[in-house]
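# Coordinate inspection notes
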Amino acid sequence: MAKIQNPTKVITGVNTRWSYANVWDAKSINGGAPKYSVSLIIPKSDTVTVNKIKAAIEAAYEEGQSKLKGNGKTVPALSILKTPLRDGDLERPDDPAYANAYFINANSASAPGIVDADRQPILERSEVYSGVYGRASINLYAFNSNGNKGIACGLNNLQKIRDGEPLGGKSRAEDDFASDEEEDFLD
């Protein structure tokens, strides 16, 4: 049975890093509907993933032309629309995690499925944090609401591949207490 390829769906590469990972509990941004979200940091060297995302943005634009046209006479050019793939060097120059990388913010009203490298469900919340590396299943789609038009990124599922340095400066308890040596704090 042939698998139907969805041109607006992308699975990112294994070196994608997750930041602002709100994947366990939906959060409301600026009073909007609560959503699950993650910022996906994609190394510029991962040209396969970057090109897949660019192609999916094109496909979402083609697929969503009637929505983008709305009540207007013409469909706005893709080049002037808001698109989700952004350049970390330009938009987050002070954040080393975004250096030499693109990023895309994905969100969903429903909780993403989260699995480990062996595709087993991750149930322990501490396993998933801002800074881990993993693949993300995302879909791109056109939107036109309240005068804003563009291409947005939906979050489907996540697969953690490996741990990474936690982002945001908070250390993990497992790392803080990894040493068997007792600190000599009674001096």
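As a starting point, this report considers the structure included with it.

Calculation notes
Residues numbered from 1 in each chain as written. Predicted model: local features only at pLDDT ≥ 70, side-chain atom pairs only at ≥ 80, totals over all residues. Heavy atoms only, no water. Helix = DSSP H or I, 4+ residues; strand = E, 2+ residues; numbered from the N terminus. Buried < 20%, exposed > 50% of the residue type's maximum accessible area, 1.4 Å probe, protein only. Contact = heavy atoms within 4.5 Å. Expected span 1.5 Å × (residues − 1). 1 Å grid on protein atoms, 1.4 Å probe; cavity = no way out; pocket = protein on both sides within 12 Å on 5 of 7 lines; lining within 4 Å. Points joined across faces, edges and corners; volume = space filled by probe spheres on them. Nonpolar A, V, L, I, M, F, W, Y, C, P; charged D, E, K, R; others polar. Pairing = 2+ DSSP bridges. Core = buried A, V, L, I, M, F, W, Y, C linked by side-chain atoms within 4.5 Å. Phe/Tyr/Trp six-rings, centres within 6.5 Å; stacked < 30°, edge-to-face > 60°. Lys NZ or Arg CZ within 6 Å of the ring centre and 35° of its normal. Salt bridge = Lys/Arg side-chain N within 4 Å of Asp/Glu carboxyl O.

Along its length, the chain carries 4 helices and 8 strands. Of the regular secondary structure in the chain, the N- to C-terminal order runs β-β-β-α-α-β-α-β-β-β-β-α. Among the 187 residues that make up the chain, the fraction classed as buried is 39%. In the chain, the share of contacts with a sequence separation of at least 24, taken over all contacts with a separation of at least 6, comes to 68%.

With that settled, consider unusual backbone geometry. Its identity as a non-glycine residue notwithstanding, tyrosine 20 has a phi of 45°, on the positive side. In this fold, tyrosine 20 is placed in strand β2 (residues 17–27). The phi torsion at arginine 119 lies on the positive side, around 65°, for a residue other than glycine. As for its position among the elements, arginine 119 is in the loop between β6 (113–115) and β7 (133–145). For arginine 119, a relative accessible area of 66% puts it in the exposed group.

Given a rise of 1.5 Å per residue, 17 residues ought to cover 24 Å, and the 24 Å separating the end C-alpha atoms of helix α1 (residues 47–63) matches this to within 8%. Structurally, α1 contributes buried residues whose contacts are with β1 (9–11), β3 (35–43), α2 (65–69), β5 (101–108), β7 and β8 (148–162).

This brings us to the layout of surface pockets. Empty space within the largest pocket amounts to approximately 670 Å³. Lining the largest pocket are 19 residues, and of these Lys35, Lys82, Asn105, Asn107 and Ala152 sit closest to its centre. Among the elements that take part in the lining of the largest pocket, β8 stands out by supplying 4 residues, more than any other. Taken together, the residues of the lining of the largest pocket sort by class into 8 nonpolar, 8 polar and 3 charged.

Of the pairings in the sheet, the one linking β6 to β8 comprises 3 bridges and is parallel in character. Bridge pairing links isoleucine 114 to leucine 158 in β8. In the sheet, β7 pairs with β8 via 13 bridges, with the strands oriented antiparallel. Bridge assignment links arginine 135 to a residue of β8, and that residue is glutamine 159. Connecting the antiparallel pair β7 and β8 is a turn made up of 2 residues, with asparagine 146 showing a positive phi of about 50°.

Another aspect to go through is the nonpolar core. With 33 residues, the main nonpolar core has Val38, Ile138 and Leu140 as its most contacted residues. Residue assignment for this core shows that the elements contributing at least two residues are β2, β3, α1, β5, β7 and β8. Take this core: its biggest share by element is 6 residues, from α1. Aside from chain neighbours lying at most four places away, what touches valine 38 is Trp18, Ser19, Tyr20, Ala21, Val23, Ile104, Asn105, Ala106, Leu155 and Leu158. One finds Ile41, Ala97, Tyr98 and Phe103 within the second-largest nonpolar core, a separate group that totals 5 residues.

For the rest of this paragraph, the subject is the packing of aromatic side chains. Under the criterion given, the structure shown has 1 aromatic pair. Aromatic pair tyrosine 98 and phenylalanine 103: ring centres 5.1 Å apart, planes at 85°, arrangement edge-to-face. The class of tyrosine 98 is buried, set by a relative accessible area of 1%. Owing to a relative accessible area of 0%, phenylalanine 103 belongs among the buried residues under this scheme. One residue, arginine 92, lies across the ring of tyrosine 98, its end atom 4.6 Å from the ring centre. The ring of phenylalanine 103 has arginine 92 lying over it, and the distance from NZ or CZ to the ring centre is 4.6 Å.

So, on to the pattern of salt bridges. Under the defined criterion, the tally for this structure stands at 6 salt bridges. Aspartate 163 is paired through a salt bridge with lysine 160; the nearest N and O atoms lie 2.7 Å apart. Among the residues examined, aspartate 163 registers a relative accessible area of 40% and is labelled partly exposed. Salt bridges sharing common partners tie together Lys44, Asp87 and Asp89.

Keep in mind that these numbers describe shape and distance, not what the molecule does.
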